[in-house]
Amino acid sequence: MDSIRVSKVEKVLCGKSGGTHYGSLHLTAHHLIFRYEESKKEEMWVPYPLISLVLKLPQTLHGQSPLTFHTRMFETFSLSFEKERDAIDVFESVKELTVCTSVNQLYAFFYTPNPPFDGTGGWSIYSPREEFGRMGVGTRTKAWRFTDINKDYAFSPTYPSRLVVPSRISDSVLRYASKYRSKCRIPALTYLHWGNFGSITRSSQPMVGIKQNRSLQDEKLVEAVFQSHHFSELRPSGPVYGATSTNLIVDARPTANAVANTAKGAGTENMDNYKDAKKVYLGIDHIHTMREALAKVVDVLREADNVAASVTGSLPGEAQQLVVVDRQALRRSGWLRHISNIMEGAALIVRNIHINSSHVLVHCSDGWDRTSQLSALAQLCLDPHYRTIRGFQILVEKDWVSFGHKFLDRCGHLSSDKFFTSLPETGGTSSGADAAQAFLVSVQNRFTSQSHLKETSPCFHQFLECVRQLQRQYPSRFEFNERFLRQLLYHLYSCQFGNFLYNCERERRAGEDGVTPSERTACIWDFFNSTSELEQNKNDAYDSSLDDPSSRDPSADMGVLYPNAKDIRFWHELYGRTEEEMNGRIVISQAKEGPEFTPPNDSLEDDPVSSISVPAGIPLPPSPARTPNLSNPSVVPSNAGNTSEAMTAGLRGLWSSLPDIPQRTNTDNIAVPSPTSLRPSGPPLRPSSPGSNPSPPARSWTANSVDTFYNTGVRSVWGKLSSNATAAFSAMQDAYDGVAKDFKALPRPSGDNEDAQKISELQPRERLGDGDRSAYRTTRQSHSVGSSYNPWDNIKPQKAIHVLPSDNPWSTTRSRLPRQVSLSQDLFDGKSLPDDPTVAHLPRRLESGDSSGIRISGQSHDVGVPYLTVVSDESLVLEQGDQPPSTNIDPLGVGFL
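Residues numbered from 1 in each chain as written. Predicted model: local features only at pLDDT ≥ 70, side-chain atom pairs only at ≥ 80, totals over all residues. Heavy atoms only, no water.

A. Region of the structure containing the sheet that holds strand S5 (residues 51-56). Across the sheet, which stays open at both edges, the eight strands sit in the order S4-S3-S2-S1-S7-S6-S5-S15 with mixed pairing between neighbours. The strands lining the two open edges of the sheet, one partner per strand, are strand S4 (44-47) and strand S15 (420-422). The average undirected angle you get between the axes of adjacent strands in this sheet is 25°. Pairing geometry for strand S2 (residues 19-27) and strand S3 (residues 31-36), over five bridges, is antiparallel. (Pairing = 2+ DSSP bridges. Helix = DSSP H or I, 4+ residues; strand = E, 2+ residues; numbered from the N terminus. Axes fitted to C-alpha atoms, helices over the stretch in contact; angles between N-to-C directions.)

B. Inspection of helix H1 (residues 84-98) at higher detail. With 15 residues, H1 should cover 21 Å at 1.5 Å per step; its first-to-last C-alpha distance of 21 Å lies within 8% of that length. Looking at H1, one finds that the buried residues are Asp86, Ala87, Asp89, Val90, Phe91, Glu92, Ser93, Val94, Leu97 and Thr98. (Expected span 1.5 Å × (residues − 1). Buried < 20%, exposed > 50% of the residue type's maximum accessible area, 1.4 Å probe, protein only.)

C. Representation of the pattern of salt bridges. Taken as a whole and assessed by the stated rule, the structure comprises 34 salt bridges. The salt bridge partner of Glu455 is Arg410, with a shortest N-O separation of 3.0 Å. You can see Glu455 sitting in the loop between helix H12 (432-447) and helix H13 (459-473) and its partner Arg410 sitting in helix H11 (residues 407-411), a full 45 residues away along the chain. Judged by relative accessible area, Arg410 falls into the buried class, the value being 5%. (Salt bridge = Lys/Arg side-chain N within 4 Å of Asp/Glu carboxyl O.)

D. Expanded view of the state of the cysteines. In the structure shown here, the tally under the stated rule is zero disulfides. We note that Cys381 lacks a disulfide partner, and the nearest cysteine sulfur, in Cys466, lies 9.8 Å from it. Assessed through its relative accessible area of 0%, Cys381 is described here as buried. Distance from the sulfur of Cys411, which forms no disulfide, to the nearest cysteine sulfur (Cys495) is 7.9 Å. (Disulfide = S-S within 2.5 Å.)

E. Region of interest: the packing of aromatic side chains. Overall, the coordinates contain 27 aromatic pairs when judged by the stated rule. Aromatic side chains Phe69 and Phe77 sit 5.0 Å apart centroid to centroid with 5° between the ring planes, which places their arrangement in the stacked category. Given a relative accessible area of 1%, Phe77 falls into the buried group. Each ring, one from Phe500 and one from Trp525, has its centre 6.2 Å from the other, and the planes form 85°; the classification is edge-to-face. A residue pair is termed long-range when its members are at least 10 positions apart, and Phe500 in the loop between helix H14 (482-494) and helix H15 (505-510) and Trp525 in helix H17 (residues 524-528) qualify at 25 residues. The same class applies to Phe500 and to Trp525, which are both buried. The aromatic ring of Tyr36 is capped on one face by Lys41, whose charged end is 4.9 Å from the ring centroid. The ring of Phe146 has Arg129 lying over it, and the distance from NZ or CZ to the ring centre is 4.6 Å. (Phe/Tyr/Trp six-rings, centres within 6.5 Å; stacked < 30°, edge-to-face > 60°. Lys NZ or Arg CZ within 6 Å of the ring centre and 35° of its normal.)

F. How the structure looks around helix H2 (residues 128-135). Where H2 is concerned, the buried positions are Glu131, Phe132 and Met135. Taken down its axis, H2 places every buried residue within 90° of arc, on the same side. The elements touched by buried residues of H2 are strand S8 (144-147), strand S9 (163-166), strand S10 (188-192) and helix H10 (389-402). Gly136, located one to two residues past H2, shows a positive phi value of around 120°. (Arc of directions from axis to C-beta. Contact = heavy atoms within 4.5 Å.)

G. Molecular detail of the nonpolar core. Ranked by size, the top nonpolar core spans 106 residues in total, and within it Leu377, Phe392 and Tyr575 carry the most contacts. If we ignore the near neighbours within four places in the chain, the residues touching Phe392 are Leu380, His385, Tyr386, Phe463, Leu464, Val467, Phe480, Phe484, Leu485 and Leu488. Counting residues in each nonpolar core, the second largest holds 26 residues, with Val9, Phe77, Val94 and Leu97 among its members. (Core = buried A, V, L, I, M, F, W, Y, C linked by side-chain atoms within 4.5 Å.)

H. Expanded view of the sheet that holds S10. If you trace the five strands from one edge of the open sheet to the other, you get S10-S11-S14-S12-S13, paired in mixed fashion. Two strands lie at the open edges of the sheet, namely S10 and strand S13 (278-281), each paired on one side alone. The mean angle between the axes of side-by-side strands here comes to 25°, regardless of whether they run parallel or antiparallel. Across four bridges, the pairing between S10 and strand S11 (residues 199-203) is antiparallel. Counted as the bridge partner of Tyr191 is Ile200 from S11.

Structure (structure tokens):
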């Protein structure tokens, strides 16, 4: 093809999953293939539609030109070329082969299974008449009928050709009612419950508008749906269960969004016109919010790869996987909250259908995104048939493909030039014109190719994640395993099969330019139903006997599952991470000796409670916080074995080399540590969700527990460097400035009274009068040991600086007053150093009652600037010897000129 500038490149270094290997790169019409030099390693095949982002990086110090690839399956690998020309050719070739202008250019229209699949009939696996007949339409109840009003897709282009509607409603009424629903998507049956005659119908939003329009035909249609379980003349023999009081109209949108759509001529139902029904809003956000939430998750994972690469000096994909995933940033993405909202909505539908024996009408805006998620997930819980491999395939075909989920727009199969970025060289050789050109290109990429990208959203991906949550909650109730779901998501983006390439059933049947997908492409269900795939996708723990509705076992649930919206975790296998990296680990709190301290959050925005609102009680991973000092080899955590093994020697050396300013706790009921065992402190962490129990902190440290770079991200490393350096400098600066300020206020000795004044200044406190004491006394606010203040207060408490004078080395003017106290006793555990014979010293001693001396308190947990305090009960007192010191001697023993 003309798009391939270079088809093969030798001696390419590939970095993936923490390892680097040499090999050859091959570019075909539909795949990027990397063949390793080691014959034992399997070739890496990457379909072009699976590529989500390509970055062309500047040349490395070794003269290699790297390209970094990110895929839609959250994998990252890098290719390094010896020649810059080869890197440019590969970059441009992959871009031209990935960005398509037509669906017919995708891989599915060129793929031929070899050997052919042993499973056949995938294109006809879903038959509306067979599937709804299995539910009981036309046999168990005659309240519903099939209609061919949309057989040529003229009635509703995005609806299936065969619809099931109430028997009491004629096609004429349906035509009038369709004008009141967006895209003419009227309420149509999608599920009839096997245990009673409860139903799930789906539609789009009503066209209410600002004028509060109404449609009698639509109201009659909804009324017929809600009364379909008690036709007097068509009621089958036997008991009939039903309750009209709990019939629900489920609006999946947030209330504000639903009401705001009235300005566009749409809106939500006026319940005064719909009798025997109630309406609930589920608060599930629109496609743009979902896209941004997943993008934040992807950014966190990419940042973790970049951190691991920067520590080891490698490229993204080459570095070993370190435990550096910022789980707090994952929580702030809101992805789990969105999953929980969907699960909670599905649980509401399940309870209303199975327990209340009532009906549910589900819709969102257009009825093809959130409606498909809720409808399919509720049916998966209600009907054990959909939890089999074949039943799940029918469910996807019915509620996603047939009812018009826009796979082409939501998945972004045609890609865009926006996802191919060439970073400028940073060597300083580029001119100003090159920099301006690069800026214009970046601006152009930001505002071009946005017409179809804004329609992308991970709706089907989100549905599969919800199914995975159910699998984890009920491991023995699904015939398929986790691999089945992961493979399905892979082929959703690989475009190898023709099932998920179009926006509706009409487009899939007609094709584009007269090309029929069912005749020109392979079916994904034939692939999954082949013998080799069935063996790998079977769930060994599956027990179909648990779904027997006639079982009288005390633990029997009649085959109906109830989703737990609070038990939500990241699908770590999909993201290529471990359970501990994505979701944290279960920590069993035990009784520990000594006081327990919890570190503070790095900033206010790091607090998950103030950042996002999570449904109450959802068990989320513990929030990361600032890591305590690891430089002390005597502090060894009891559970640091696994964590330390996950770190490389380079990272450990970098982390341990960072000094810490010790901290103190400000809690009055916690014992103050001794000066020789300073420990990290801070306020207790708040609960991770509004409904969780605030008693146990999400993560705590004691004097013998430590978190080794556990999910702190890059900010903890560089923040530690900057904050400790600033804190140390500020501590010394404040000490010297305070001393100089105090002694400037003292009266200058003169004349014959010079010696007397010096002697009186150095007398013990008891011998000084009130007048003398007031001259030396400074205004001081009372503080308890380890107290701190709020950095966001307008009025800050004054620091308790009560030290003896010394010179400020940062000051341009040197003080002429002698140094009277040395800090060596405190810095060396009270053991004084021998005096320097070349320096004149003042005779001094500490009072016997003062054993604490002067201590440097640690960094406050509220403020990043430490300060000096004197922790003593008595003031430091100096005894004056027989001969007063000479006034022309500076602190270094050199006479003044």
